[in-house]
Amino acid sequence: MLKLSLEAIEIVDTIARHGSFAAASERLHKVPSTISYAVSKLEEQLGLALFVRNGPRVTLTPAGQEMLKEGHWLLAAARQLESRMRQIATGFEAELRLAHDSLIPTSAFNPDIRAFEDLNCGTRLRIGTETLTGTWEMLREGRADLIVAAGEGPAGGGYKAVAVGSLDFAFCVTATHPLVRLKRPLTRDDLLEHTAIVVGDGARSSADRTVGLLLGQRRITVPSMQAKIAAQMAGLGHGFLPRACVRADLEQGVLVELQVEEPRPPETFWLAWSTERMGEALKWWIQQLDRPLLPGILPF
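Procedures and definitions
Residues numbered from 1 in each chain as written. Predicted model: local features only at pLDDT ≥ 70, side-chain atom pairs only at ≥ 80, totals over all residues. Heavy atoms only, no water. Core = buried A, V, L, I, M, F, W, Y, C linked by side-chain atoms within 4.5 Å. Buried < 20%, exposed > 50% of the residue type's maximum accessible area, 1.4 Å probe, protein only. Helix = DSSP H or I, 4+ residues; strand = E, 2+ residues; numbered from the N terminus. Contact = heavy atoms within 4.5 Å. Phe/Tyr/Trp six-rings, centres within 6.5 Å; stacked < 30°, edge-to-face > 60°. Lys NZ or Arg CZ within 6 Å of the ring centre and 35° of its normal. Pairing = 2+ DSSP bridges. Axes fitted to C-alpha atoms, helices over the stretch in contact; angles between N-to-C directions. Salt bridge = Lys/Arg side-chain N within 4 Å of Asp/Glu carboxyl O.

K.L.:
Tell me about the nonpolar core, residues and numbers included.
P.N.:
In this structure, Leu146, Val148, Phe171, Trp285 and Leu289 are the most contacted members of the largest nonpolar core, which totals 48 residues. In terms of residue count, the dominant contributor to this core is helix α10 (residues 280-289) (6 residues). Among residues more than four places away in sequence, those in contact with Leu146 are Arg97, Leu98, Ala99, Leu139, Leu271, Ala272, Trp273, Leu282, Trp285, Ile286 and Leu289. In this structure, Ile9, Val39, Met67 and Leu68 belong to the second largest nonpolar core, which totals 18 residues.

Put into structure tokens, the structure is as follows:
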């Protein structure tokens with residue numbers, strides 16, 4: 001059986017912070033004899049001294065210092081647990097899991113995260129990212145409570161979704177790419193002759209989703225839209241890029257927009273959540289994010 005208890009750690013911590021058993025007894029609303037007995041009993045059980053006594057003043061021994069080094073974390077965790085239990089009793093979840101498409105930087109949600117933390121509701125926030133179908137898959141498999149995802153969701157229901165914005169796409173290459181010399185809208189055959197840069201779908205069990213990719217297309221698959229932009233700026237291939245993300249590069253001539261016979265339609269982004277679990281934290285986030293999110297939050 002453990003000899004240390006949270007109450008014992010709290011007593012030792014209070015004595016150490018206030019310098020005497022008498023001061024600790026006032027702080028903890030206990031009589032001095034109770035504090036003295038508790039410490040003596042603990043030292044006896046542990047077989048070591050926790051304090052050096054100099055009259056009414058006491059200081060921690062090295063063993064006492066080591067105990068409080070970890071004990072502070074235990075006390076903090078216990079207080080947070082008590083807070084979460086009290087808040088959960090009022091309807092707030094222990095944890096809220098938000099997942100977003102990797103096209104959106106997590107920093108875009110910082111103002112919302114700050115406002116949520118100011119609620120002091122006791123709900124832990126966990127944020128993750130995925131790409132394309134992978135974001136929807138996190139919701140469907142119960143690995144996320146709320147998502148901001150690209151493209152339409154899977155069939156089968158069990159969730160609700162609202163559109164929160166859309167992105168226009170431009171077909172881009174570098175100024176030195178061979179396709180620039182054609183001086184006309186590009187056909188499927190034109191594109192098949194050159195390498196495409198594509199973002200890999202993060203889906204684990206669902207079929208991969210490909211956007212703007214032709215059957216039999218030579219390709220390089222990269223992990224994110226940021227990596228795709230960098231690869232196309234390096235002249236490694238062609239592909240559709242969000243206009244909001246490359247506007248400055250197009251204006252400066254680093255990238256060139258070309259016309260294609262089969263342009264990519266705008267991509268709609270959705271805020272979606274499971275209708276089976278509706279705690280207070282989820283309700284708050286739904287209300288907070290049910291607003292136009294794109295393209296103003298895409299700084300890269």
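K.L.:
An account of the packing of aromatic side chains is needed here, citing residue identities and associated values.
P.N.:
What characterises a pair of aromatic rings is the spacing of the ring centres plus the angle enclosed by the ring planes. This model, assessed by the stated rule, comprises 6 aromatic pairs. With 5.6 Å between their ring centres and 50° between their planes, Phe116 and Trp285 make a pair best called tilted. With Phe116 in helix α5 (residues 110-118) and Trp285 in helix α10, this pair connects stretches of sequence that are 169 residues apart. Like Trp285, Phe116 is buried. Members of the aromatic cluster, each reached through a chain of ring pairs, are Phe116, Trp284 and Trp285. Taking NZ or CZ as reference, Arg264 lies 3.6 Å from the ring centre of Phe169, over its face.

K.L.:
Any chance you could break down the sheet that holds strand β4 (residues 124-130) for me, citing the residues and the numbers?
P.N.:
Reading across from one edge, β4-β3-β5-β12-β6 is the order of the 5 strands in this open sheet, with mixed pairing throughout. Every other strand in the sheet has two partners, leaving β4 and β6 (159-167) as the edge strands with one partner each. For this sheet the average axis-to-axis angle between neighbouring strands, irrespective of direction, equals 20°. With 8 bridges connecting them, β6 and strand β12 (residues 267-274) associate as antiparallel partners. Within β12, the residue paired with Val162 across the bridge is Leu271. Against the sheet, helix α6 (residues 133-140) makes contact with β3 (95-101), β4, β5 (146-150), β6 and β12, and its axis sits at roughly 155° relative to β5, the strand it touches most.

K.L.:
Kindly report on unusual backbone geometry, identifying the contributing residues and their values.
P.N.:
Of note in the backbone geometry, His29 takes a positive phi value of approximately 60° without being a glycine. Position of His29 relative to the elements: it lies in the loop between α2 (21-28) and α3 (32-46). Since its relative accessible area comes to 73%, His29 is described here as exposed. Positive phi outside glycine occurs at Asn120, with the angle close to 50°. Along the chain, Asn120 falls in the loop between α5 and β4.

K.L.:
Account for the environment of Gly153, naming residues and giving values.
P.N.:
Residue placement: Gly153 occurs in the loop between β5 and β6. Residue classification places Gly153 among the partly exposed positions, given a relative accessible area of 28%. Here Gly153 is in contact with Trp136 and Tyr159, once residues within four sequence places are set aside.

K.L.:
Please set out the pattern of salt bridges residue by residue, giving values where relevant.
P.N.:
Summed over all chains, the structure comprises 15 salt bridges. Here Glu137 makes a salt bridge to Arg140, at a shortest N to O gap of 3.9 Å. Placement of both Glu137 and Arg140 in helix α6 is noted, with a separation of 3 residues, approximately one turn of the helix. Glu137 gets classed as buried once you look at its relative accessible area, which sits at 1%. Asp190 is the partner of Arg184 in a salt bridge, and the nearest nitrogen-oxygen pair spans 2.6 Å. The partly exposed category is assigned to Arg184, whose relative accessible area is 40%. One salt-bridge network, held together by shared partners, links Glu137, Arg140, Glu141 and Arg143.

K.L.:
If you had to explain the sheet that holds strand β7 (residues 169-173) to someone new, which residues and values would you point to?
P.N.:
On the basis of which strands lie adjacent, the open sheet formed by 3 strands has the order β10-β7-β11 and antiparallel pairing. For this open sheet the edge positions go to β10 (239-242) and β11 (256-257), each flanked by a neighbour on one side alone. Across the sheet, helix α8 (residues 225-233) lies against β7 and β10, angled at about 125° from β10, the strand it touches most. Where helix α9 (residues 243-251) meets the sheet, it contacts β7, β10 and β11, and its direction lies at approximately 100° from that of β10.

Remember that the coordinates give geometry; whether it matters functionally is a separate question.
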